[in-house]
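# Structural features, examined
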Amino acid sequence: MSIDAMEEIAKAQKLGQKIIGEPVTSGLVLDDSKLWDPDFTTAAKYVMRPPIRKLGHGKALKAALSTGVLQLVGTDHCTFNSTQKAFGIDDFRKIPNGVNGIEERMHVVWELMVESGQISVTDYVQITSSGCARIFNIYPRKGAVLAGSDADIIILNPNSSVEISAKSHHSRTDTNVYEGLKLKGKVEVTIAGGRVVWENDELKVIPGSGRYIKMSPFNYLFSGISKADAAYLSSLKAPVRRFRDQS
């Protein structure tokens, strides 16, 4: 969410450490100005953890995405309606933390990163899909269009557009932190497991069709770590000097 965290990741990478960075959608496009809105309902809907930062942090995170310092974009989707957010009206510590993002992520990232010219379409696929699948160790079952993969595909029309609003979104909440945002590029078709589940703004999901996907440990990031650890531990072992008792 911040320049400071991103810079620590960059430093670690330069030292050869295997570390990944994941900004979330809200951190790329929003700043903390709304948190100071005098209207509690407006301000509370932007409360999340880590917090949304000041203007400028988002620009730096986008630059880090375009240069590969950060590897993927998540949503941190955790929504609460205005009634639930109001639990903290007398004590801000009691405001439920979280904002929306799962429905908006693909549109926001396309507008911010591809339409702006900061990344290519191939990079877009990498930071939203294929790269995520590799990190979560479920590639090529997910994140690939290959024989044997799960056939999870979206069709995004770069010439279409979308306007985000709580009146038209599909989350069960009466607020949206991206309210009024007009974006170029719209997901028009979603295919899950080879079945069309979203088309013509209509959801066509069959209850019970979802499947649990087990994510095995030790993905490609762990390659060579055991040898590096062994070398490091060996370097800590001081040579033992033995003396014969002369008494």
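Conventions we followed
- Residues numbered from 1 in each chain as written.
- Predicted model: local features only at pLDDT ≥ 70, side-chain atom pairs only at ≥ 80, totals over all residues.
- Heavy atoms only, no water.
- Axes fitted to C-alpha atoms, helices over the stretch in contact; angles between N-to-C directions.
- Helix = DSSP H or I, 4+ residues; strand = E, 2+ residues; numbered from the N terminus.
- Parallel < 35°, antiparallel > 145°, perpendicular 65-115°, else oblique.
- Left-handed = near helix turned anticlockwise from the far one by under 90°.
- Contact = heavy atoms within 4.5 Å.
- Buried < 20%, exposed > 50% of the residue type's maximum accessible area, 1.4 Å probe, protein only.
- Salt bridge = Lys/Arg side-chain N within 4 Å of Asp/Glu carboxyl O.
- Pairing = 2+ DSSP bridges.
- Phe/Tyr/Trp six-rings, centres within 6.5 Å; stacked < 30°, edge-to-face > 60°.
- Lys NZ or Arg CZ within 6 Å of the ring centre and 35° of its normal.
- Core = buried A, V, L, I, M, F, W, Y, C linked by side-chain atoms within 4.5 Å.

## Thoughts on the packing of helix H1 (residues 3-14) against helix H4 (residues 57-67)
Where H1 meets H4, the closest approach of the two axes is 9 Å, and the angle between their N-to-C directions is 25°. When the interaxial angle is binned, H1 and H4 end up roughly parallel. Viewed along their axes, H1 and H4 form a crossing whose handedness is left-handed. Across the interface between the two elements, Ile 3, Asp 4 and Met 6 from H1 touch His 57, Ala 60, Leu 61 and Ala 64 from H4.

## Focus: the environment of Gly 88
Mapped onto the secondary structure, Gly 88 falls in the loop between helix H5 (82-85) and helix H6 (105-115). Judged by relative accessible area, Gly 88 falls into the buried class, the value being 2%. Along the chain, Gly 88 and Lys 59 lie 29 residues apart, while their C-alpha atoms are 31 Å from each other. Beyond its immediate chain neighbours, meaning those up to four positions away, Gly 88 contacts Phe 40, Lys 94 and Ile 95.

## Observations regarding the pattern of salt bridges
Per the stated rule, a full pass over the model turns up eight salt bridges. Between Asp 150 and Arg 211 there is a salt bridge, and its shortest N-O distance comes to 3.9 Å. Here Asp 150 is found in the loop between helix H7 (121-135) and strand S1 (153-163), whereas its partner Arg 211 is found in the loop between strand S4 (202-203) and helix H8 (225-236), with 61 residues between them in sequence. Given a relative accessible area of 56%, Arg 211 falls into the exposed group.

## Remarks on the sheet that holds S1
Read across the sheet, four strands follow the order S1-S2-S3-S4 without closing on themselves; strand pairing throughout is antiparallel. Looking at strand neighbours, the two that pair on one side only are S1 and S4, the edges of this open sheet. Relative to strand S2 (residues 182-192), S1 runs antiparallel, the two being bridged by eight bridges. Residue pairing across strands places Leu 156 opposite Val 187, the latter belonging to S2. Sitting on the sheet, H6 is in contact with S1 and S2, with an inclination near 125° to S2.

## Some remarks on H4
The periodicity of an α-helix, 3.6 residues per turn, causes residues three or four places apart in sequence to face the same way. Among the residues of H4, those classed as buried are His 57, Gly 58, Ala 60, Leu 61, Lys 62, Ala 64 and Leu 65. Against H1, helix H2 (25-29), H6 and H7 lie the buried residues of H4. Gly 68 lies just past H4 and shows a positive phi near 90°.

## Concerning the packing of aromatic side chains
Counted under the stated rule, the structure contains two aromatic pairs. Arranged with centres 5.0 Å apart and planes meeting at 90°, the rings of Trp 110 and Tyr 124 form a pair that is edge-to-face. With Trp 110 in helix H6 and Tyr 124 in helix H7, this residue pair connects regions lying 14 residues apart in the sequence. Side by side, Trp 110 and Tyr 124 carry an identical accessibility label, which is buried. Geometrically, the ring pair formed by Phe 218 and Phe 222 is edge-to-face, given 5.4 Å between the ring centres and 85° between the ring planes. Note that Arg 134 overlies the ring of Tyr 139, its terminal NZ or CZ placed 3.9 Å from the centroid.

## Topic: the nonpolar core
With 35 residues, the main nonpolar core has Met 6, Leu 65, Val 69, Leu 70 and Tyr 124 as its most contacted residues. Those elements that place two or more of their residues in this core are H1, H4, H6, H7, S1 and S2. Ranked by the residues each element gives to this core, the list is headed by H6, at seven residues. Filtering out sequence-adjacent residues up to four positions away, Val 69 remains in contact with Met 6, Ile 9, Ala 10, Gln 13 and Ala 64.

## Things to note about the packing of H6 against H7
As a packed pair, H6 and H7 sit with axes 11 Å apart at the nearest point and diverge in direction by 140°. By the angle between their directions, the pair H6 and H7 is classed as oblique. Along this stretch, H6 crosses H7, giving a crossing that reads as right-handed. Touching Arg 105, Met 106, Val 109, Trp 110 and Val 114 of H6 are Val 121, Tyr 124, Ile 127 and Thr 128, all from H7.

## Side note on unusual backbone geometry
Residue Pro 50 follows Arg 49 across a cis peptide bond; omega there is -5°. Positionally, Pro 50 belongs in the loop between helix H3 (40-44) and H4. Cis rather than trans, the peptide bond between Tyr 139 and Pro 140 has omega equal to 10°. Inspection of the secondary structure assignment puts Pro 140 in the loop between H7 and S1.

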